[in-house]
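This is what each chain is made of:
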Amino acid sequence: MTNKQKITPGGLRVTDIFDFVVVGGGSGGCAVASRLSEDPLTSVALLEAGGKDDNWVVTTPGALILMVSGKVNNWAFDTVPQAGLNGRIGYQPRGKGLGGSSAINAMVYIRGHRSDYDRWAALGNTGWSYADVLPYFKRSEDNSELDGVYHGKGGPLHVTGSRTDNPVREIYLQAAREAQFRIREDFNAEEQEGLGTYQLTQKNGERWSAARGYIHPFMATRANLRVETHAHATRILFEGQRAVGVEYRQGKDIRQIRARREVIVSSGAFQTPQLLMLSGVGDGAALAKHGIALTHHLPGVGQNLQDHPDFVFGFTSDAPHFAGLSFGGIARIFKGIAQYRRERRGPMTSNVAECGGFLKTRPDLDVPDIQLHFCMAMVADHGRKPRWGTGFSCHVCLLRPESRGSVGLQSADPLAAPAIDPNFLGEDSDLEAMVAGFKITRRLLDAPALKALQTSDVFTEGVETDDDIRKVLRQYVDTVYHPVGTCKMGVNDPMAVVDPKLRVYGLEGLRVVDASVMPTLIGGNTNAPTIMIGEKAADMIKAELRAG
Ligand SMILES: Cc1cc2nc3c(=O)[nH]c(=O)nc-3n(C[C@H](O)[C@H](O)[C@H](O)COP(=O)(O)OP(=O)(O)OC[C@H]3O[C@@H](n4cnc5c(N)ncnc54)[C@H](O)[C@@H]3O)c2cc1C
């Protein structure tokens with residue numbers, strides 16, 4: 001099944017040959033590599049630039065704050081200056097290690113709105129309607145609480161309720177009732193609109209990343225699955241227009257690995273287009289500026305970047321239920337660690353964003369256009385600016401912004417960060433929708449049950465008029481971590497990068513399987529949808545193999 005390693009005179013190591021080489025072990029990559037390697041006759045290599053990501057920092061939910069704010073298992077990218085945000089440079093954390101962003105994310109289990117997928121299908125992407133993708137969501141899922149037509153049992157991705165026992169969860173629901181919002185028990189069923197508490201990708205109080213569900217259990221048991229960590233792909237190798245392998249750096253070595261059937265790029269919405277561009281696949285003129293020889297002119301690579309612009313309300317609070325830097329807060333962390341070690345319950349199992357929901361900013365809208373994440377900590381600038389004191393925060397993000405950004409190259413150096421431009425609030429319509437979202441969120445935060453917890457309003461004291469709100473939005477808006485769309489799927493569209501089978505246009509033996517392929521951003525968090533893409537991709541590939 002595999003050939004022996006050869007070392008060429010130049011020191012280049014040509015490693016084995018596999019049927020499929022998957023580049024990037026994140027949500028999409030883990031799912032597709034795992035499903036393809038279920039067949040012992042199909043050999044799969046998974047290359048991941050980061051490490052194995054199976055230690056306590058990843059598995060302990062509360063440790064996410066250590067990862068999101070810095071370089072632990074995180075690429076921690078900056079954006080280019082954002083014109084819509086007064087020229088500020090935004091922050092874009094991305095998971096680095098097996099599990100990818102699912103190993104550092106907030107574990108909220110959401111699929112988006114059914115109309116999101118029907119819209120993909122209406123754009124010509126046959127096979128991607130809600131009815132088409134629901135079976136893949138269910139196949140991936142092992143839901144310990146919910147059942148019925150919308151939920152799955154026995155899949156690799158464990159989904160369950162929170163084990164924090166934090167009384168603020170009930171206070172949040174009480175505030176929602178006081179402010180006359182609908183309460184929603186399950187955001188992933190018939191209807192999405194309403195407020196409630198989130199289900200999480202956890203099991204027994206531990207994080208359940210895509211790697212934990214799909215790859216870690218099989219690393220030692222599947223002889224046909226090879227996982228290479230600390231393996232940074234630097235270019236895709238082509239023979240003519242066919243992708244035949246990948247060159248990667250591992251420590252000081254430069255290695256090559258060959259793909260008999262396909263190279264599958266799953267490096268995420270920023271690094272998938274980057275790797276394609278480094279390999280000569282992209283806009284010819286843009287590549288020429290970096291001295292990169294053209295393999296195939298595909299102008300859509302890196303375009304169509306969509307992400308949820310997000311604003312965070314923050315409040316200090318003396319209530320003894322919140323994480324933060326205070327004598328009481330630190331004592332609670334130590335107590336929480338002891339409880340976590342004993343019974344895997346309590347504050348260390350918190351995903352921080354425990355409550356939230358989906359709301360419409362106008363009654364005439366067909367679907368909710370904003371999402372809330374209510375957090376059991378007062379976080380400023382993604383936790384990068386620690387503050388003394390405890391408190392809570394509430395995010396509000398716009399689900400289907402009209403602004404479109406892009407990902408480009410800063411240089412031809414494959415180890416350099418890509419140039420990321422989300423173009424947040426580039427369209428005035430996005431700003432106006434967020435003004436409305438701000439007001440609705442404040443209605444919830446002003447409800448007596450939540451008002452009683454607040455000792456001070458950190459960012460929005462005195463913000464009253466629409467102009468005040470616009471100003472504070474431009475001052476603070478940034479990502480809530482859902483970039484997609486940079487290698488969009490489409491038909492009869494010169495800017496489409498992949499077809500509905502996720503094959504890269506104009507080339508052979510090359511597919512993209514991650515959040516980059518989404519033609520439009522979905523209304524919700526993007527981990528489960530990306531895992532669904534990996535599941536569906538594996539099925540499409542298996543069907544092609546069967547057909548010969
Ligand atoms: C802080 C944060 C919080 C989030 N919270 C939630 C949440 O609560 N719920 C939710 O549903 N979604 C959440 N998300 C979003 C969700 O996790 C992502 O949308 C999803 O994981 C993306 O999957 P992906 O496969 O496209 O990319 P990723 O999971 O990011 O995987 C890409 C992988 O490719 C690797 N890679 C990149 N370049 C190379 C290369 N050249 N060679 C080899 N390997 C490479 C990376 O190291 C990474 O492991 C969050 C994301 C972040 C960052």
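What this report covers is the structure whose coordinates are included nearby. Owing to the predicted nature of the structure, the values given are computational and were not obtained by experimental measurement.

1. Some thoughts on the side chain of D307
Moving on, step 1. Among the secondary structure elements, D307 is positioned in the loop between β16 (296–297) and β17 (309–316).
Moving on, step 2. The side chain of D307 is buried and forms no salt bridge, while R94, the nearest opposite charge, is found at 6.6 Å.
Moving on, step 3. Of the polar contacts made by the side chain of D307, one reaches the side chain of T479; its length is 2.7 Å.

2. Here's the deal with the pattern of salt bridges
Moving on, step 1. All told, the structure shown has 37 salt bridges when counted by the stated rule.
Moving on, step 2. As a salt-bridge pair, R177 and E170 come within 3.7 Å of each other at their nearest N and O atoms.
Moving on, step 3. Here R177 falls in the partly exposed class, since its relative accessible area comes to 46%.
Moving on, step 4. When the shortest N-O distance is used, the salt bridge between E432 and R470 registers 2.9 Å. Of this pair, E432 sits in helix α11 (residues 428–445) while R470 sits in helix α13 (residues 466–476), and the two are 38 residues apart along the sequence.
Moving on, step 5. According to the relative accessible area criterion, R470 is partly exposed, its value standing at 24%.
Moving on, step 6. The network of salt bridges with common partners includes R35, E38, R139, E535, D539 and K542.

3. Concerning the pairing of strand β14 (residues 253–265)
Moving on, step 1. Relative to β14, strand β13 (residues 242–250) is paired through six bridges, and the arrangement is antiparallel. In the sheet register, V246 faces β14, and the bridge partner there is I257.

4. As for helix α1 (residues 27–36)
Three- or four-residue spacings in an α-helix give side chains the same orientation, since the helix completes a turn every 3.6 residues.
Moving on, step 1. Among the ten residues in α1, ten count as buried, and that is most of the element.
Moving on, step 2. All of the buried residues in α1 are S27, G28, G29, C30, A31, V32, A33, S34, R35 and L36.

5. Points about the packing of aromatic side chains
Moving on, step 1. For the structure shown, the criterion picks out 16 aromatic pairs.
Moving on, step 2. Both rings, one in F77 and one in F270, keep their centres 6.2 Å apart while their planes meet at 80 degrees; by these two values the pair is edge-to-face. Remark: F270 occurs in helix α8 (residues 268–278) and F77 occurs in strand β4 (residues 77–82); sequence separation between them is 193 residues. Residues F77 and F270 agree in their burial class; the two are buried.
Moving on, step 3. Centroid distance W120 to W128: 6.0 Å. Interplanar angle 55 degrees. Geometry classified as tilted.
Moving on, step 4. Overall, the relative accessible area of 0% leaves W120 in the buried class.
Moving on, step 5. Classification of W128 by relative accessible area gives buried; the value is 0%.
Moving on, step 6. Of the aromatic side chains, those joined through ring pairs into one cluster are Y172, F315, F322, F374 and F392.
Moving on, step 7. The side chain of R344 reaches across the aromatic face of Y340, ending 4.3 Å from its centre.

6. Digging into the packing of α1 against helix α14 (residues 527–547)
Moving on, step 1. At their nearest, the axes of α1 and α14 sit 8 Å apart, and the two run at 30 degrees to each other. Judged on the interaxial angle alone, α14 and α1 are roughly parallel. The interaxial crossing formed by α1 with α14 has right-handed handedness. Facing α1, whose interface residues are S27, G28, A31, V32, R35 and L36, α14 presents N527, T530, I531, G534, E535, A537, A538, I541 and K542.
Moving on, step 2. Among the residues making up the contact of α1 with α14, the classes are represented as seven nonpolar, five polar and three charged.

7. Looking at a nonpolar patch on the surface
Moving on, step 1. Together, L325, F327, I330, I333, F334, I337 and W388 make up a nonpolar patch on the protein surface, roughly 740 Å² of accessible area in all.
Moving on, step 2. Per-element tally for the nonpolar patch: the top contributor is helix α10 (residues 327–343), with five residues.
Moving on, step 3. Here I337 lies in helix α10.
Moving on, step 4. We classify I337 as partly exposed; its relative accessible area is 34%.

8. Brief notes about α13
Moving on, step 1. Looking only at α13, the buried set comprises I469, V472, L473 and R474.
Moving on, step 2. Those residues of α13 that are buried are in contact with β5 (88–92), β17 and α11.

9. Details of the site of the ligand
Moving on, step 1. Near the ligand there are 39 residues, and of these S27, E48, S101, T526 and N527 occur at the shortest range.
Moving on, step 2. One nitrogen or oxygen atom from the main chain of M107 is found 3.1 Å from an oxygen atom belonging to the ligand.
Moving on, step 3. At 2.8 Å from an oxygen atom of the ligand is found a main-chain nitrogen or oxygen belonging to N527.
Moving on, step 4. Isolated, the ligand exposes 1000 Å² of accessible area, and the fraction of that covered by the protein chains is 98%.
Moving on, step 5. Sorting the residues of the shell around the ligand by element identifies α1, β12 (231–239), α8 and α14 as the ones contributing at least two each.
Moving on, step 6. Among the elements that line the shell around the ligand, the one with the most residues is β12, at three residues.
Moving on, step 7. Across the shell around the ligand, the residue classes break down as 14 nonpolar, 21 polar and four charged.

10. Considering the environment of K71
Moving on, step 1. You can see K71 is positioned in the loop between α3 (64–68) and β4.
Moving on, step 2. Considering only alpha carbons, one finds K71 and G95, 24 residues apart in sequence, at a separation of 9.4 Å.

11. Quick look at the nonpolar core
Moving on, step 1. Counting 80 residues, the largest nonpolar core has L502 and L510 as the members making the most contacts within it.
Moving on, step 2. No other element matches α14, which puts eight residues into this core.
Moving on, step 3. Setting aside residues up to four positions removed in sequence, L510 forms contacts with I236, F238, A243, V263, V265, L276, L502, R503 and V504.
Moving on, step 4. Formed by 42 residues, the second largest nonpolar core is a distinct cluster that contains F322, L372, V396 and I440.

Basis of the calculations
Residues numbered from 1 in each chain as written. Predicted model: local features only at pLDDT ≥ 70, side-chain atom pairs only at ≥ 80, totals over all residues. Heavy atoms only, no water. Helix = DSSP H or I, 4+ residues; strand = E, 2+ residues; numbered from the N terminus. Buried < 20%, exposed > 50% of the residue type's maximum accessible area, 1.4 Å probe, protein only. Lys, Arg positive; Asp, Glu negative; His and termini not counted. Salt bridge = Lys/Arg side-chain N within 4 Å of Asp/Glu carboxyl O. Polar contact = N/O pair within 3.5 Å; in protein donor to acceptor, adjacent residues only side chain to side chain. Pairing = 2+ DSSP bridges. Phe/Tyr/Trp six-rings, centres within 6.5 Å; stacked < 30°, edge-to-face > 60°. Lys NZ or Arg CZ within 6 Å of the ring centre and 35° of its normal. Axes fitted to C-alpha atoms, helices over the stretch in contact; angles between N-to-C directions. Parallel < 35°, antiparallel > 145°, perpendicular 65-115°, else oblique. Left-handed = near helix turned anticlockwise from the far one by under 90°. Contact = heavy atoms within 4.5 Å. Nonpolar A, V, L, I, M, F, W, Y, C, P; charged D, E, K, R; others polar. Patch = residues over 30% accessible without salt bridge, like charges linked within 9 Å, V, L, I, M, F, W, Y side chains within 5 Å. Areas by Shrake-Rupley, 256 points an atom, 1.4 Å probe, with all protein chains shown as cover. Near = heavy atom within 4 Å. Core = buried A, V, L, I, M, F, W, Y, C linked by side-chain atoms within 4.5 Å.

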